[in-house]
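One letter stands for each residue in the lines below.
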Amino acid sequence: MKNWRAKFLASIMFAFVCVVLLFMELYKNSYNYDDYSQVINSGWTLKYNTQVYENADLSSLRFPITNIGDWLVLTGTIPNDIPKNSSMLLHIDYNVTDVYLDGEKIFSHGVEEYKKGELAGYGNVFISLPEDAAGKPIKITMLVTEPNAYSSIQAPTIYQAGNSYKVFLHGLRNELVVSVALIIVGLCIALVTFCLFFKSYSMEKLFCIGVLSVCIGCWSLCSNNLDCVFFNNLKVKTLIEYTTLYLMVLPLLLYFRETVEKRNKKWEIFVYYTTVFVEIQLVLISVICQATERIHMPSFLKISHIMMGIVCVMVLYIVITDIKAEKTHKILLLGFSVAFVTAARDLIAFNYLKYISKSGNEGLYKSYLPIAVLFFIVTMLADFINEARKSFYVNAENEILNRIAYVDVLTGLSTRRKCEEVLDEIDKRGKDFGIVQLDLNMLKETNDDYGHEKGDELINRLASVLRDSFPKDAHIGRMGGDEFIVIVPDLGKLDIEVAMKKFKEGIDENNRLNEDKTPRIILSVSYGYCLSTELENPTTKSVYKEADKRMYNSKIEFYRSSGKDRRRSN
């Protein structure tokens, strides 16, 4: 029953995602439109270098995978029944592409990039057709600029010019909504947690969730060719897609950093940080090679797929072993399993269609990863909230224990244990320091004559004067009973003589404020202090001993001058 809140939260989040996805699907299926679109699959002649494919159907045509310098020439005829105001959607795969209608060039892409050795990019472009385009011959020439580019061609699609984007996006609205949602949610999380990161390192996991969400959203937007909604630059689109694809593994790995280090298994830590290092190198090398135009980013795709597989197996191992050991990450396992299976399916489908299948088009495979990742992001948030809740209770419990161990219950000053730790730290730093030893006079007599309540009041009066007399740089503690200490860690920040003068004035002021009380109890303190600069080769132990000796002499002088019975008061 103790985890019912976490389970309830996970159930609510899961139900929310399911309802949103169901609503999107129902809305998609209920939408009807009459806008014109026509896919031109058949009637093409393809010349691939010297090989010719007559009367080819592009929906099933497959040829040897292209490499740099290969030429493809696609010739056919525009259908006779297209509207007068039409545009043609053409998919470009890292090509220098020219389109001729009835012998006249109407579109060109990638010529300048090819001359400079730059990335030509890939994606969809809309080409406006003349009003008299119906029935005219069309020729599309393609010079391949990247290795292992493609082995099939997506058929051009004719749209009515005014509605081309509307019709194109109709079948991709779910992907568009999910991608934009991932980006917006991820940016909000990442920006907020980045601002809070330097105040609380617990924000690290939440920051990783935000970055992962942004990466997945950007990748999904570009891989589904939805970038045309926002901008129309194939090179920029390609760079965004591959950068986020290579980068998305890193925040997923870093999310589990604390979990790996907490388990403290040397081989796990070694494998984990080695994988992080390799992934960082992959991102940096691919970016640098692209920036210098030595090797373009798509060339690193196979290596990236291998790294993704390794990271997925590693994360799956971490989650499962953590569930067995500490019963944590249960919510996360469900989300990760869905994302893992979906990613594996996408990788297999993409590579099968590109390198193995005898027919089909790898560019047309449908990825369900964005939806799966949206669900995964939700489970990551639920996991983070659950872990944060547990951490809150643990920290609260530790804070209570620390207060018991380090804070004196009566005065709120440090305990002997805390003061000893402070003295140990001073020995390690090696700066000039000072120690003031204090002993409250007549405490036992006050307890005997007026009760422990008045004795406690006297102790608190001294604690109050000490706080007012010494700055925050000084460490004030109650060593036990009537014994107090002031530790000055850095003499450069405090004039001890000025502080002691202020302390004596504070004692006098405190007695003046309490002189009308009945019974009237005088606050009297014996003290002695020693500075590290007074001793040769000083240590906190030797300085403490000298300050205690001087305090003891002050105590003897007090009893001698007051005529009090020291044996009764000690």
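Residues numbered from 1 in each chain as written. Predicted model: local features only at pLDDT ≥ 70, side-chain atom pairs only at ≥ 80, totals over all residues. Heavy atoms only, no water.

Peer 1: Any details on the overall build of the protein chain? Residues and values, ideally.
Peer 2: Regarding its fold elements, the protein chain presents 18 helices and 14 strands. Within the protein chain, residue pairs in contact and separated by at least 24 positions form 75% of the contacts whose partners lie at least 6 positions apart. Summed over its atoms, the accessible surface of the protein chain is roughly 29,500 Å², and 59% of this surface lies on carbon and sulfur atoms. (Helix = DSSP H or I, 4+ residues; strand = E, 2+ residues; numbered from the N terminus. Contact = heavy atoms within 4.5 Å. Areas by Shrake-Rupley, 256 points an atom, 1.4 Å probe, with all protein chains shown as cover.)

Peer 1: Run through the sheet that holds strand E8 (residues 122–128), naming residues and quoting values.
Peer 2: Read from one edge to the other, the open sheet built from four strands follows the order E1-E10-E5-E8, with strand pairing classed as antiparallel. Edge positions in the sheet fall to strand E1 (37–39) and E8, since each has one partner strand and no second. On average, each strand axis in the sheet is inclined to that of its neighbour by 20 degrees, with strand direction left out of account. Note: strand E5 (residues 86–93) against strand E10 (residues 157–160), four bridges, orientation antiparallel. Pairing of serine 86 across the sheet is with glutamine 160, part of E10. Helix H6 (residues 234–247) contacts E5 and E8 of the sheet and is inclined by roughly 155 degrees relative to E8. (Pairing = 2+ DSSP bridges. Axes fitted to C-alpha atoms, helices over the stretch in contact; angles between N-to-C directions.)

Peer 1: Let's hear about unusual backbone geometry: which residues, and what values?
Peer 2: The step from threonine 518 to proline 519 runs through a cis peptide bond, and the omega angle for that step is -5 degrees. Relative to the elements of secondary structure, proline 519 occurs in the loop between helix H16 (496–513) and strand E14 (525–531). At asparagine 49, a residue that is not glycine, the phi angle is positive and equals roughly 55 degrees. Here asparagine 49 shows up in the loop between strand E2 (44–48) and strand E3 (51–56). Within the chain, methionine 442 stands out as a residue other than glycine whose phi angle is a positive 65 degrees. Topologically, methionine 442 is positioned in the loop between strand E11 (434–440) and helix H14 (443–450). Overall, the relative accessible area of 8% leaves methionine 442 in the buried class. (Buried < 20%, exposed > 50% of the residue type's maximum accessible area, 1.4 Å probe, protein only.)

Peer 1: Would you mind going over the pairing of strand E9 (residues 137–144) in detail, with residue names and values included?
Peer 2: Across the eight residues that make up E9, a large majority, six, are buried. In terms of strand pairing, strand E4 (residues 71–77) meets E9 through seven bridges, oriented antiparallel. Note on E9: the bridge partner recorded for threonine 75 is lysine 139. Sheet topology note: the strand E6 (residues 95–101)/E9 ladder contains seven bridges and is antiparallel. Residue pairing for E9: leucine 101 is matched across the bridge by isoleucine 138.

Peer 1: Describe the nonpolar core, listing the residues and the values that go with them.
Peer 2: Core analysis: the largest hydrophobic core is formed by 86 residues, its most contacted members being Phe63, Leu72 and Ile153. Sorting elements by how many residues they give to this core places helix H10 (residues 301–326) first, with ten residues. Formed by 29 residues, the second largest nonpolar core is a distinct cluster that contains Leu440, Ile459, Phe470 and Tyr529. (Core = buried A, V, L, I, M, F, W, Y, C linked by side-chain atoms within 4.5 Å.)

Peer 1: Residue-level account of the packing of helix H5 (residues 204–223) against H6, with values.
Peer 2: Packed helix pairs are characterised by how far apart their axes lie and by the angle those axes make with each other. Contact pair H5 / H6: the axes reach a minimum separation of 8 Å and the direction vectors enclose 140 degrees. With respect to H6, the axis of H5 lies oblique. Where H5 crosses over H6, the two elements pack in a sense that is left-handed. Contact with H5, carried on its side by Cys215, Cys218, Trp219, Cys222 and Ser223, involves Lys237, Ile240, Glu241, Thr244, Leu245 and Leu247 of H6 and no other residues of that element. (Parallel < 35°, antiparallel > 145°, perpendicular 65-115°, else oblique. Left-handed = near helix turned anticlockwise from the far one by under 90°.)

Peer 1: A description of the sheet that holds E6 should follow, citing residues and the corresponding values.
Peer 2: The strand order E3-E2-E4-E9-E6-E7 describes an open sheet built from six strands, whose pairing is antiparallel. Looking at the sheet topology across the chains shown, the edges are occupied by E3 and strand E7 (104–109). Strand-to-strand, the axes of this sheet are offset by a mean angle of 15 degrees, without reference to chain direction. Pairing analysis gives four bridges linking E2 to E4, with the strands arranged antiparallel. Each bridged residue has a counterpart across the sheet, and for leucine 46 the counterpart in E4 is leucine 74.

Peer 1: Give a detailed account of the packing of aromatic side chains, specifying residues and quantitative values.
Peer 2: With the rule as written, the count across this model stands at eleven aromatic pairs. The interplanar angle of 45 degrees and the centroid separation of 5.5 Å between the aromatic rings of tyrosine 94 and tyrosine 122 together place this pair among those described as tilted. Of this pair, tyrosine 94 sits in the loop between E5 and E6 while tyrosine 122 sits in strand E8, and the two are 28 residues apart along the sequence. Neither tyrosine 94 nor tyrosine 122 differs from the other in exposure class; each is buried. Judged by centre distance (5.9 Å) and plane angle (50 degrees), the ring pair of tryptophan 267 and tyrosine 317 falls under tilted. In this pair, tryptophan 267 sits in helix H9 (residues 266–291) while tyrosine 317 sits in helix H10, placing the two residues 50 residues apart along the sequence. Under the relative-accessibility criterion, tryptophan 267 is labelled exposed at 51%. An aromatic cluster of three or more residues is present, and its members are Tyr48, Phe63 and Tyr150. Directly above the aromatic system of tyrosine 406 lies the positively charged group of lysine 418, at a separation of 5.2 Å from the ring centroid. (Phe/Tyr/Trp six-rings, centres within 6.5 Å; stacked < 30°, edge-to-face > 60°. Lys NZ or Arg CZ within 6 Å of the ring centre and 35° of its normal.)

Peer 1: With reference to specific residues and values, describe the side chain of serine 532.
Peer 2: With respect to the helices, strands and loops of the structure, serine 532 is situated in the loop between E14 and helix H17 (540–562). Non-local contacts of serine 532, meaning those with residues more than four positions away in its chain, are made with Asp432, Phe433, Leu491, Pro538 and Val543.

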